[in-house]
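Commentary on secondary and tertiary structure
Below are the chains, spelled out letter by letter.
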Amino acid sequence: MEVVEDRFRPREVDSDDRDAMEAMQLEVADAAAFEDATEVTPESIRSGESTVAGVDQAFPGGRAVSAAVVLRGGEVIERTSAVRSQPMPYVPGLLAFREGPPVIAALESLEVEPDLLIFDGSGRIHYREAGIATHAGVCFDTPSIGVAKSLLCGRPRGPTDELPAGETVSIEADDSMSAPEGTVVGHAYQSRQFPESKRINPLYVSPGHRLSAATAVACLSACGGEYKLPRPVRLADQYADELKSEV
DNA sequence: GCGACAG
DNA sequence: ATCTTGTCGC
């Protein structure tokens, strides 16, 4: 696939360009659509009408490896990867500049044009509403979803402990975010739960681009997977681990 | 100054 | 995310 908004392409930069990176994120958020503007639906995903790509990273040694796995109707139809040296160090809120370069490169090398991108990390649940899912989604102008295993910012509207499988709790903007306080920026989503044992933390799902928070959750459940992570992301995770050993 | 902090 | 073996439990 191809980057259509090159001005937003995350560059390998020094961590001292913080102001420039934050300024770009505000522009990315401004260009993003946090409502449904796509043909992708849970039904189109299940039927195989839409293709879905899961993306994840690994950091063997000092390098960054990104893996992308594309599925159609539950079947893997393509896999790609990319490696980058000297990734910027991790800074909360600036993840897109650390992981973005290899992520964009891996997606650019895909033959297939995915209809939906799913990332390991936040989308709109971000200080400036521009997590990596939003940033990459806007670069390709492709519908995207952020799936995080922990909460970067924002505040759950209710308890997220002991949520039954399939249940959701809204995440609203807090005063650390550029979004008006109280704006629903995503959902805690209990993708899996076990009968009586130790409780599992929910996933924190947020719109990346061209999808609403509610549709994002519905699309994730349509992606399937017997584990906590949606299958496309789980497969990308495993592929990244596999590549880590080879590199 | 203190606490929070995707991967 | 990464450094890392075995181990407790369903």
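Residues numbered from 1 in each chain as written. Chains lettered and ligands numbered in written order. Predicted model: local features only at pLDDT ≥ 70, side-chain atom pairs only at ≥ 80, totals over all residues. Heavy atoms only, no water.

The name recorded for chain A in an unreviewed UniProt entry is Endonuclease V, from Natronomonas aquatica. Its UniProt record, at the heading Sequence similarities (unreviewed entry), says of chain A: "Belongs to the endonuclease V family." In its Catalytic activity (unreviewed entry) section, UniProt records this for chain A: "Endonucleolytic cleavage at apurinic or apyrimidinic sites to products with a 5'-phosphate." (UniProt positions renumbered as here; feature names shortened; annotations may be inferred.)

**Quick word on the protein's contact with DNA strand B**
Neighbouring DNA strand B are 18 residues, the closest being Tyr90, Leu95, Asp120, Ser122 and Lys149. Per the 4 Å cut-off to the protein, sugar and phosphate atoms form 52% of the nearby atoms of DNA strand B. Here a base nitrogen of DNA strand B and a backbone polar atom of Leu94 are 3.4 Å apart. Broken down by class, the residue content of the surface near DNA strand B amounts to nine nonpolar, six polar and three charged. (Near = heavy atom within 4 Å. Polar contact = N/O pair within 3.5 Å; in protein donor to acceptor, adjacent residues only side chain to side chain. Nonpolar A, V, L, I, M, F, W, Y, C, P; charged D, E, K, R; others polar.)

**Some points on a negative patch on the surface**
A cluster of acidic side chains, namely Asp14, Asp16, Asp17 and Asp19, defines a negative patch on the protein surface. Inspection of the secondary structure puts Asp16 in the segment before helix H1 (18–31). (Patch = residues over 30% accessible without salt bridge, like charges linked within 9 Å, V, L, I, M, F, W, Y side chains within 5 Å. Areas by Shrake-Rupley, 256 points an atom, 1.4 Å probe, with all protein chains shown as cover. Salt bridge = Lys/Arg side-chain N within 4 Å of Asp/Glu carboxyl O. Lys, Arg positive; Asp, Glu negative; His and termini not counted. Charge placed at Lys NZ, Arg CZ, Asp CG, Glu CD. Helix = DSSP H or I, 4+ residues; strand = E, 2+ residues; numbered from the N terminus.)

**Observations concerning the protein's contact with DNA strand C**
Every residue lining DNA strand C is accounted for by Ala58, Phe59, Lys149 and Lys244. A distance of 3.3 Å separates a phosphate oxygen of DNA strand C from a polar atom in the side chain of Lys149. Its residues assigned to classes, the surface near DNA strand C shows two nonpolar, no polar and two charged.

**Digging into the UniProt feature "site: Interaction with target DNA" (unreviewed entry) in chain A**
UniProt feature "site: Interaction with target DNA" (unreviewed entry): in the numbering of this structure it lies at Tyr90. Within the secondary structure layout, Tyr90 lies in the loop between strand S3 (75–84) and helix H3 (95–108). If sequence neighbours within four positions are ignored, Tyr90 has contacts with Leu95 and Arg98. (Contact = heavy atoms within 4.5 Å.)

**Focus on the packing of H1 against helix H4 (residues 132–140)**
H4 packs onto H1 with a crossing angle of 65° between their chain directions and a minimal axis gap of 9 Å. On the basis of their axis angle, the class for H1 and H4 is roughly perpendicular. Our pair here, H1 against H4, has a crossing hand that is left-handed. Together, Met24, Val28 and Ala31 of H1 and Thr134, His135 and Val138 of H4 make up the contact between the two elements. Partitioned by chemical class, the residues of the contact of H1 with H4 number four nonpolar, two polar and no charged. (Axes fitted to C-alpha atoms, helices over the stretch in contact; angles between N-to-C directions. Parallel < 35°, antiparallel > 145°, perpendicular 65-115°, else oblique. Left-handed = near helix turned anticlockwise from the far one by under 90°.)

**Considering the UniProt feature "binding site: Mg(2+)" (unreviewed entry) in chain A**
In the numbering adopted here, UniProt assigns the feature "binding site: Mg(2+)" (unreviewed entry) to Asp56 and Asp120. Spanning 65 residues, the named residues nonetheless gather at one spot, since no C-alpha pair among them exceeds 5.9 Å. Topologically, Asp56 is positioned in strand S1 (residues 51–58). A relative accessible area of 7% places Asp56 in the buried class. When near neighbours in sequence (up to four residues on either side) are disregarded, Asp56 contacts Val65, Ser66, Ala67, Asp120, Val233, Ala236, Asp237 and Ala240. If you trace the backbone, Asp120 turns up in strand S4 (residues 116–120). Given a relative accessible area of 16%, Asp120 falls into the buried group. When residues no more than four places from it in sequence are discounted, the contact partners of Asp120 are Val55, Asp56, Gln57, Glu99, Ile132 and Val147. (Buried < 20%, exposed > 50% of the residue type's maximum accessible area, 1.4 Å probe, protein only.)

**Some thoughts on the sheet that holds S3**
Strand order in the open sheet made by the nine strands is S3-S2-S1-S4-S5-S9-S8-S7-S6, with mixed pairing throughout. With partners counted over all chains shown, the strands left at the sheet margins are S3 and strand S6 (155–156), one partner each. Bridge count between strand S8 (residues 184–189) and strand S9 (residues 203–209): three bridges; the pairing is antiparallel. Note that in S9 the partner of Ala188 across the bridge is Tyr204. Across the sheet, helix H5 (residues 213–223) touches S1, S4, strand S5 (144–148), strand S7 (168–172), S8 and S9, and the angle it forms with S8 is around 30°. (Pairing = 2+ DSSP bridges.)

**Regarding the pattern of salt bridges**
For the structure shown, the criterion picks out twelve salt bridges. Two residues, Glu5 and Arg7, come together in a salt bridge whose shortest N-O distance is 3.1 Å. Under the relative-accessibility criterion, Arg7 is labelled exposed at 54%. Close ionic contact of Arg157 with Glu172 constitutes a salt bridge, the shortest N to O distance being 2.6 Å.

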